[in-house]
Amino acid sequence: MSLFKSLSNDLGKNIYILTIYSFLTGVGRTLYATLFPLYLYSIRYSMTDIGIIVTISNLIIAFLIPFLGVLVDYYGRKPFIIFTGLLLAASLYLAGSYKVYWVLILSYSLSIFSFMAGQPARGALLAESVSPERMGEAFGLVTSTFFIGRVLIPPLSGYIADNIGYSNAFYMGSIVALFGSIIFSVYGLETLKERVTPRLNELLNMLKPKRELIWLYIGCMIDRFGWALWMSLLNAYLMDVYEISATGVGLMNSLLGISSMLTQYLAGRLIDKIGYIRGLILSEFTGFIASLFLGSTYIVYGAALALIIVGISISLWTPSYNNAVSLNTRPEYRALEYSKVNSYRVFISVPAPYLGGYLYDMISPSTPFLLSSLVMFTATIFFYIVGRRYVWVRNLS
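Figured I'd write up the structure that's included with this text. (Residues numbered from 1 in each chain as written. Predicted model: local features only at pLDDT ≥ 70, side-chain atom pairs only at ≥ 80, totals over all residues. Heavy atoms only, no water.)

Within the element layout of this structure, Ser-315 appears in helix H13 (residues 300–326). With residues near it in sequence (within four places) discarded, Ser-315 still touches Ser-259, Ser-260, Thr-263, Gln-264 and Ala-267. (Helix = DSSP H or I, 4+ residues; strand = E, 2+ residues; numbered from the N terminus. Contact = heavy atoms within 4.5 Å.)

Structure below.
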């Protein structure tokens, strides 16, 4: 039976609504991710300044994320999905309205928080709306629509910024994200069947890793640190090194979006067949190759190829990571576990953006990428060792 035939019931239709929501909020999120570093660069902030904004934002988020899973498991998935969409709209509005450094930090913090806080709710709702054997495929479908925005929006947002200004582009993204939140609030269905009332001992032990997923915590921390060294600098790097316009940077970002869009659904089906451990290994290895390319070439075609590989890496990571959490966690605790893993990922990566920006300014633009490739290779080896040696990791094949 295909995934589409299996979604005939009302609850299964949540996948369609979540797909629409993911597309619309993906438009706003992609616009923000494309333009925010370019905007900072255009108003004469350095790479170190950009790194500091991301580092401070990550530090704030790291202390908030652990509590979100408990709230999602108590109040439900739907309210948090709506709330995080509204936060994204607010972050876009602030970016378009102010140039003050602390407001830009607030804007970026809200943007990151909206993504990280929404992930447990979205992941849990999706997992509870489809059968386990179709989970990877469903994750791939929903994420594919997000990456449709990654194809269309970067060059469009760059064109808007080049012609009518960054502020107007941010305002447009805010309106689209708000519209997505309204649609989900009207048509989305709650999937939480039994509320989990938080107890004091659970709150105190909220950061304690689940034993069966300690390997995932460690691997995710390595992975996140590697990506965080340069991801927030990427678009400003493309403008700085290759001296291209915002529209040109948008077109480069579209290559990443096209790559992810074309491979995400297939990657989800692949992970259902080969298992999430092998998926994580493939994701880290392709991330290693992409970082190495970005750090070792100043030819625009080399950077373009690297961004295509980044898209493949992300496509492999999303269903692998979501399956690893969902298939090793009871439904009523899935949101909590997502939040715990994310809190470790964010906390360990707090200094990485500042470090990447500092290395960029003080040594060379290639340094953050080369250091990242070493970290990614370490993550590849780590997940390979996990797959070979730890028999308590389930669903390896």
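Having seen the structure, we can now continue with the description.
As a further point, take a nonpolar patch on the surface. Together, Leu-86, Leu-178, Ile-182, Val-186 and Tyr-187 line one region of the surface with nonpolar side chains, adding up to about 480 Å² of accessible area. The element best represented in the nonpolar patch is helix H7 (residues 166–187), accounting for four residues. Note that Ile-182 resides in helix H7. Look at Ile-182 and you get partly exposed, because its relative accessible area is 44%. (Patch = residues over 30% accessible without salt bridge, like charges linked within 9 Å, V, L, I, M, F, W, Y side chains within 5 Å. Areas by Shrake-Rupley, 256 points an atom, 1.4 Å probe, with all protein chains shown as cover. Salt bridge = Lys/Arg side-chain N within 4 Å of Asp/Glu carboxyl O. Buried < 20%, exposed > 50% of the residue type's maximum accessible area, 1.4 Å probe, protein only.)

This model, assessed by the stated rule, comprises one salt bridge. Between Glu-337 and Lys-340 there is a salt bridge whose closest N-O contact spans 3.5 Å. Placement of the pair is Glu-337 and Lys-340 together in helix H14 (residues 334–348), with a separation of three residues, close to one helical turn. Across the pair, exposure class does not vary: Glu-337 and Lys-340 are buried alike.

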